[in-house]
Amino acid sequence: MPSDPSEPQSAESRFRQAFERLKNGRPKVLPKGTPVSQNNVAQEAGRDSTALKKRRFPKLVEEIQDYLREQEKGEASATANKVDQKRAKRAAEERLEDAIRQRDQAQSILASANVRIVELTEEVRSLQRRLDEIQPPPTRLGRR
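Calculation criteria
One numbering rule holds for all chains: residues counted from 1, following each sequence as written. Confidence filtering applies because this is a predicted model: local features only for residues at pLDDT of at least 70, side-chain atom pairs given and counted only at 80 or more, and all residues used for totals across whole chains, interfaces and linings. As a rule here, side-chain values cover all heavy atoms of the structure and leave hydrogens and water aside. A run of DSSP states H or I qualifies as a helix once it reaches four residues; a run of E qualifies as a strand once it reaches two. Both are numbered from the N-terminal end. Each radius of gyration is computed over the set of C-alpha atoms, and the globule rule expresses the reference value as 2.2 Å times the number of residues to the power 0.38. A 1.4 Å probe rolled over the protein chains alone gives each residue an accessible area, and that area as a share of the maximum for its type sets the label: buried under 20%, exposed over 50%, partly exposed in between. Here the accessible surface of atoms and residues is derived via Shrake-Rupley with a 1.4 Å probe, and residues count as covered only by protein chains that are part of the display. None of His or the chain ends enter the tally, which takes Lys and Arg as positive and Asp and Glu as negative. For this purpose, a charge sits on NZ of Lys, CZ of Arg, CG of Asp or CD of Glu. The quantity known as pLDDT measures the predictor's confidence residue by residue, on a range of 0 to 100. Should any heavy atoms of two residues lie within 4.5 Å, those residues are counted as being in contact. Grouping buried Ala, Val, Leu, Ile, Met, Phe, Trp, Tyr and Cys residues that are joined through side-chain atoms within 4.5 Å yields what is termed a nonpolar core. Should a side-chain nitrogen of Lys or Arg be within 4 Å of a carboxyl oxygen of Asp or Glu, the pair is scored as a salt bridge. What counts as a ring pair is set by centres within 6.5 Å for rings of Phe, Tyr and Trp (its six-membered ring), and what kind of pair is set by the plane angle: stacked under 30 degrees, edge-to-face over 60, tilted for all other angles. Criterion for a charge above a ring: Lys NZ or Arg CZ within 6 Å of the ring centre, and within 35 degrees of the ring normal.

### Quick word on the overall build of the chain
- Helix and strand content of the chain: three helices and zero strands.
- Relative to a compact globule of 144 residues, whose C-alpha radius of gyration would be 15 Å, the chain shows 42 Å and is clearly more extended.
- For the C-alpha atoms alone, the extent of the chain along its principal axes is close to 130 × 30 × 25 Å.
- Within the chain, the proportion of its 144 residues that are buried is 15%.
- Carbon together with sulfur atoms contributes 52% to the accessible area of the chain, which is approximately 11,700 Å² in total.
- Here the chain contributes 30 positive and 23 negative side-chain charges, whose respective centroids are spaced 3 Å apart.

### Focus: the environment of Gly-25
- Mapped onto the fold, Gly-25 is located in the loop between helix 1 (7-23) and helix 2 (38-44).
- In sequence terms Gly-25 and Pro-35 are 10 residues apart; their C-alpha atoms lie 8.4 Å from each other.

### Things to note about the confidence of the model for the chain
- Per-chain confidence: the chain averages 86 in pLDDT, with 92% of residues scoring 70 or above.
- Of all helices and strands in the chain, the one with the weakest mean pLDDT is helix 1 (81), whereas helix 3 (residues 58-134) scores best (91).
- Below pLDDT 50 for its whole length, residues 1-7 participates in six contacts with residues either more than four positions away or in separate chains.

### A look at the nonpolar core
- Core analysis: the largest hydrophobic core is formed by 16 residues, its most contacted members being Phe-15, Val-41, Leu-52, Leu-60 and Ile-64.
- Looking at this core, the elements that each hand over two or more residues are helix 1, helix 2 and helix 3.
- With five residues, the single largest contributor to this core is helix 1.
- In this structure, Val-41 is in contact with Phe-15, Ala-18, Phe-19, Leu-22, Val-36, Leu-52 and Ile-64, ignoring residues within four places of it in sequence.

### Side note on the pattern of salt bridges
- All chains considered together, the criterion is met by 12 salt bridges.
- Between Lys-73 and Glu-70 there is a salt bridge, and its shortest N-O distance comes to 3.6 Å. Residue Lys-73 and its partner Glu-70 are both found in helix 3; the two are separated by three residues, about one turn of the helix.
- Lys-73 gets classed as exposed once you look at its relative accessible area, which sits at 54%.
- Residue Glu-122 is joined to Arg-125 by a salt bridge in which the shortest nitrogen-to-oxygen separation is 3.2 Å. Within this pair, Glu-122 and its partner Arg-125 are both found in helix 3, separated by three residues, close to a single helical turn.

### Considerations on the packing of aromatic side chains
- Inspection of every chain in the model, using the stated rule, returns two aromatic pairs.
- Note on Phe-15 and Phe-57: the rings are 5.2 Å apart at their centroids and 80° apart in plane angle, and the pair reads as edge-to-face. Highlighted residues: Phe-15 in helix 1 and Phe-57 in the loop between helix 2 and helix 3, separated in sequence by 42 residues.
- Taken together, a centroid distance of 5.7 Å and an interplanar angle of 90° make the contact between Phe-19 and Tyr-67 edge-to-face. One end of the pair, Phe-19, is in helix 1; the other, Tyr-67, is in helix 3, with 48 residues separating them in the sequence.
- Relative accessible area serves as the criterion here: at 2%, Phe-19 is assigned to the buried category.
- Directly above the aromatic system of Phe-19 lies the positively charged group of Lys-23, at a separation of 4.6 Å from the ring centroid.

### Quick notes on the side chain of Asn-40
- Mapped onto the fold, Asn-40 is located in helix 2.
- Ignoring anything within four residues of it in the chain, the contact list for Asn-40 reads Leu-22, Leu-30, Thr-34 and Pro-35.

In structure tokens form, the structure reads like this:
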């Protein structure tokens, strides 16, 4: 772009430099971390916050608005990613809780089955003793 020493060109140049400083997070006038906006670009350029008008600097204002739209898309995407991560974490936590419940239920069933096996083993022994009392087991021949 050719250098034009007229005021609008120099004002546009100051606005563009201010815009770049804000985008890069290196403002000279405003505090660090100041977000990009038309008003902030004007203030960073040392002008009144209403000095950056679309009718006077249409291309620059459009660039600022495009930049802001891109930032919003990026923030929306980051927010969506965070939501997806939370959802995935919640799903993993729910699966873990479900697995723990299933494990606890299986342990309970196993413990009950073990108790029942012991009870039935004792009952078999008791019945075998009673049967042996009623009808003694046969002895082998040839044994002394």
